[in-house]
Amino acid sequence: LLPPGLTLDSTGLISGTPTTAGTFTFSIELTDREGRRDHRPLVLEIKGSLSIANSELPPAMIGADYEAVLTARRGAPPYTWSITHGELPSGITLDASSGRIFGRPQRPLYQDITIKVTDRDGVSESRWFGFETKRLPIIIHTTDLPEGTSGVLYRAAVEASKGVPPFTWSVN
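Residues numbered from 1 in each chain as written. Predicted model: local features only at pLDDT ≥ 70, side-chain atom pairs only at ≥ 80, totals over all residues. Heavy atoms only, no water.

**Some details on the packing of aromatic side chains**
Stage number 1. Evaluation of the coordinates by the stated rule reveals 1 aromatic pair.
Stage number 2. Taking the centre distance of 5.4 Å and the plane angle of 85° together, the rings of tyrosine 66 and phenylalanine 131 count as edge-to-face. Here phenylalanine 131 lies in strand β13 (residues 124–134) and tyrosine 66 lies in strand β7 (residues 66–69), a separation of 65 residues in the sequence. Taken individually, tyrosine 66 and phenylalanine 131 each receive the classification buried, so the pair is uniform in this respect.
Stage number 3. One cation-aromatic arrangement involves arginine 100 over phenylalanine 102; the distance from NZ or CZ to the ring centre is 4.0 Å. (Phe/Tyr/Trp six-rings, centres within 6.5 Å; stacked < 30°, edge-to-face > 60°. Helix = DSSP H or I, 4+ residues; strand = E, 2+ residues; numbered from the N terminus. Buried < 20%, exposed > 50% of the residue type's maximum accessible area, 1.4 Å probe, protein only. Lys NZ or Arg CZ within 6 Å of the ring centre and 35° of its normal.)

So, in structure tokens, the structure goes:
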């Protein structure tokens, strides 16, 4: 049988809009006015429509390296990626050939963007994403201090990471 949505007319034209992706094996038969016949097995591959696999982009942290990779499903590689609405924050770049979004954002921001992928046949698909850059959370790693002795010099470093240096320490 032909893929769903396709028909074969009396002139030998297979046409229509396929509704199901897959590989379809079928035979066609030709009969002339004198009753002579021929048949031929054929295989038709129907690819699914091009789509963007990512449903969201992870947030980026200010001052930290960022990387996310967009992925296309189906269609005909190679793909070309572009932003058709909005823009990435300063310090972040979209590589058009790989779909890689990378860089180091400079300030907090929430931006709506629309990303488009186009395959080698010119078929394209777009998807909206919310892209957020956040401040790095500041974290104190030290949980315990070594014992001290009365009358003896004491020194212990308290360790922290992330955030935006320089840090200011205080006792509450």
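**Quick word on the pairing of β13**
Stage number 1. Where strand β6 (residues 60–61) and β13 come together, 2 bridges link them in parallel fashion. Among the inter-strand pairings, alanine 60 is bridged to a residue of β13, identified as threonine 133.
Stage number 2. As judged from the 10 bridges shared by strand β12 (residues 109–118) and β13, these two strands associate in the antiparallel manner. Paired with glutamine 111 across the strands is phenylalanine 131, a residue of β13.
Stage number 3. The loop that links β12 with its antiparallel partner β13 comprises 5 residues; one of these, glycine 122, has a positive phi angle of about 85°. (Pairing = 2+ DSSP bridges.)

**Re the nonpolar core**
A general tendency of soluble globular proteins is for nonpolar side chains to be buried together.
Stage number 1. Ranked by size, the top nonpolar core spans 19 residues in total, and within it Leu57, Tyr66, Leu70, Trp81, Ile101, Ile115 and Phe131 carry the most contacts.
Stage number 2. Contributing elements (two or more residues each) for this core: β7, β10 (92–94), β12 and β13.
Stage number 3. No other element matches the 3 residues that β12 contributes to this core. (Core = buried A, V, L, I, M, F, W, Y, C linked by side-chain atoms within 4.5 Å.)

**Topic: the sheet that holds β10**
Stage number 1. One open sheet accounts for 3 strands, arranged β7-β11-β10; its pairing is antiparallel. Looking at strand neighbours, the two that pair on one side only are β7 and β10, the edges of this open sheet. Direction aside, the axes of adjacent strands within the sheet are offset by 10° on average.
Stage number 2. Bridge count between β7 and strand β11 (residues 100–103): 4 bridges; the pairing is antiparallel. Along β11, the bridge assignment pairs valine 69 with arginine 100. (Axes fitted to C-alpha atoms, helices over the stretch in contact; angles between N-to-C directions.)

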